[in-house]
Amino acid sequence: MENLIVCKFGGSSIISKADVERIRKISDDDSARKILVVSAPGKRNNNDKKVTDLLIALAEDTRACIDDLETRTRANEIITRYQALTSKTLAYIEEELQQRIKLGLPSDAYLDSVKAFGEEACAKVLAEALNAEYVDPQELFLVTPDFSGAAILPPSEKMIQRRLKGIEKLCVVPGFYGYTENGTIATFSRGGSDLTGAYIAAALDARMYENFSDIPGILAADPRIVRNPKKIEKLTFKEMRDLAYLGSKLHPEAISPCAKKGIPIHIRETAGYPARGTYVVQERMSDPNQPIVGVAYQGGFCSFDILKFGVNEEVGVLRRILQVFEDKNISVEYVPSAIDDISVIVRDDELKKHDIGMIVGRIQSALGCGTDVNFKEHLGCLAVAGKALRGHRGISASIQSTLADAGVNIIFISQGSEERCIIYGINGSDHKKAVNAIYDKYLR
Ligand code: ASP
């Protein structure tokens, strides 16, 4: 393990000169903080737009040949956000943005090239302000040409080591993108700067990956649902996966590279520095009286409920049902089943481009006569997580009666063999009651 800390700063931590000074102080505080990964400047307030979203709009306008004046106004708005970070002149950034929007590329590649400019410019401005070295992701990340959802390819590990191992000078790296084999920029999915930081930390065997943003750490519940939820001091990588899956600030794919190498992730707040945030580690001692570490909720699920007498005895029935979804390239989340019924739970987003009636028809013809299929919308998933849930007899019954007492009807239950997380399918309209009931009973 190297005496190296890789820091990633989220966009909401990079909006003013004071933020740049704070980042300077943080990096000066520990000489192991040698690599800073940055997002594009984020929102200054709730009604504001992230620079990434401004760039997406700019790319769309330019593609649609919206008049020059409008494009110029948008571009100026973007440059203003960088000018807020420094007193130096940013003529070169303006020039680079103009060149970027003139690139002749197919539309998905074009969008990514413009989008990535947010991180690129931010890293350049910060490197200049901090007297640090700017490192181009072209030297670090070889990615698949899946625009807006690129995956990092294995040669990246050696590339990162070649370029950054043993580095003495402070470096600033733009997050969120890499380059395809033919030299085109491709971005990761949204929030993907977290991946840049995690992969660099893993490739270099860093001592720690510090993820700085505007949250004090991982909270035991969503503060928009629960009043003053407490901060979790320590989580295992697996517990973090469970909570991140249903939406937390850390990109879910950022966990596995660090988990594989056992590199702790410290999720902390830039403005609150040096306050400790949440440590995500390989193992932690758990309190048997506190088996639940957090409760998460996400809406936007729906269910195909398949009813057929004797369906549990049919050979190959699951394969036939799932084939319908695979053929349509629809990702399935859960398949809870009972004696005469099987449900297929998918995210609403997955169905956007599909005809529900057609899917229902396909399932019916795959299973033959006597099959009923009902489609249910507006479902949500409640995840109750904690490694000490495993073997904790009676906890599931207790959670269910807590939900029943709160008037929440459980539509399905799913629990993996690791028993570290129980998922409850509920009606979306019940989510506040459900999350608060679990929080009050087990976490407050
Ligand atoms: N700026 C990008 C986004 O808004 C990537 C990131 O912040 O990590 O999604």
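Okay, so let's go over this structure. (Residues numbered from 1 in each chain as written. Predicted model: local features only at pLDDT ≥ 70, side-chain atom pairs only at ≥ 80, totals over all residues. Heavy atoms only, no water.)

Notes on the site of the ligand
- Around the ligand, a shell composed of Ser39, Lys50, Thr52, Glu119, Phe176, Arg190, Gly191, Gly192 and Ser193 is seen.
- The contact in question runs from a nitrogen atom of the ligand to an N or O atom on the side chain of Thr52, over 2.7 Å.
- A distance of 2.8 Å separates an oxygen atom of the ligand from a polar backbone atom of Gly191.
- Bound to the protein, the ligand loses 94% of the 260 Å² it would expose on its own.
- Residues belonging to the shell around the ligand are distributed by class as follows: one nonpolar, five polar and three charged. (Near = heavy atom within 4 Å. Polar contact = N/O pair within 3.5 Å; in protein donor to acceptor, adjacent residues only side chain to side chain. Areas by Shrake-Rupley, 256 points an atom, 1.4 Å probe, with all protein chains shown as cover. Nonpolar A, V, L, I, M, F, W, Y, C, P; charged D, E, K, R; others polar.)

Things to note about helix H2 (residues 51-63)
- Between the first and last C-alpha of H2 there are 18 Å, a value that for 13 residues agrees with the 18 Å anticipated at 1.5 Å per step.
- Buried within H2 we find Val51, Thr52, Leu54, Leu55, Ile56, Ala57, Leu58, Ala59 and Asp61.
- Close packing links the buried residues of H2 with helix H3 (68-83), helix H4 (91-101) and helix H5 (107-129).
- Once H2 finishes, Cys65 follows within two positions and takes phi at roughly 55°, a positive value. (Helix = DSSP H or I, 4+ residues; strand = E, 2+ residues; numbered from the N terminus. Expected span 1.5 Å × (residues − 1). Buried < 20%, exposed > 50% of the residue type's maximum accessible area, 1.4 Å probe, protein only. Contact = heavy atoms within 4.5 Å.)

A few points about the packing of H2 against H3
- One can describe the packing of H2 onto H3 by two numbers: an axis separation of 10 Å at closest approach and a directional angle of 160°. Here H2 lies roughly antiparallel to H3, going by the angle between them. Pair H2 / H3 crosses with left-handed handedness. Taken together, the residues of H3 that come into contact with H2 (itself represented by Val51, Leu54, Leu55, Ala57, Leu58, Asp61 and Thr62) are Glu70, Thr71, Arg74, Ala75, Glu77, Ile78, Arg81 and Tyr82.
- For the contact of H2 with H3, the per-class residue count stands at eight nonpolar, two polar and five charged. (Axes fitted to C-alpha atoms, helices over the stretch in contact; angles between N-to-C directions. Parallel < 35°, antiparallel > 145°, perpendicular 65-115°, else oblique. Left-handed = near helix turned anticlockwise from the far one by under 90°.)

Description of the packing of aromatic side chains
- Going through the model one piece at a time under the given rule, you end up with seven aromatic pairs.
- Geometrically, the ring pair formed by Phe9 and Phe212 is stacked, given 4.7 Å between the ring centres and 10° between the ring planes. Of this pair, Phe9 sits in strand E1 (residues 5-9) while Phe212 is found in strand E7 (residues 208-213), placing the two residues 203 residues apart along the sequence. An identical accessibility class is assigned to Phe9 and Phe212; each is buried.
- Between the aromatic rings of Phe304 and Phe325, the centroid separation amounts to 5.3 Å while the plane-to-plane angle is 70°, which identifies the pairing as edge-to-face. (Phe/Tyr/Trp six-rings, centres within 6.5 Å; stacked < 30°, edge-to-face > 60°.)

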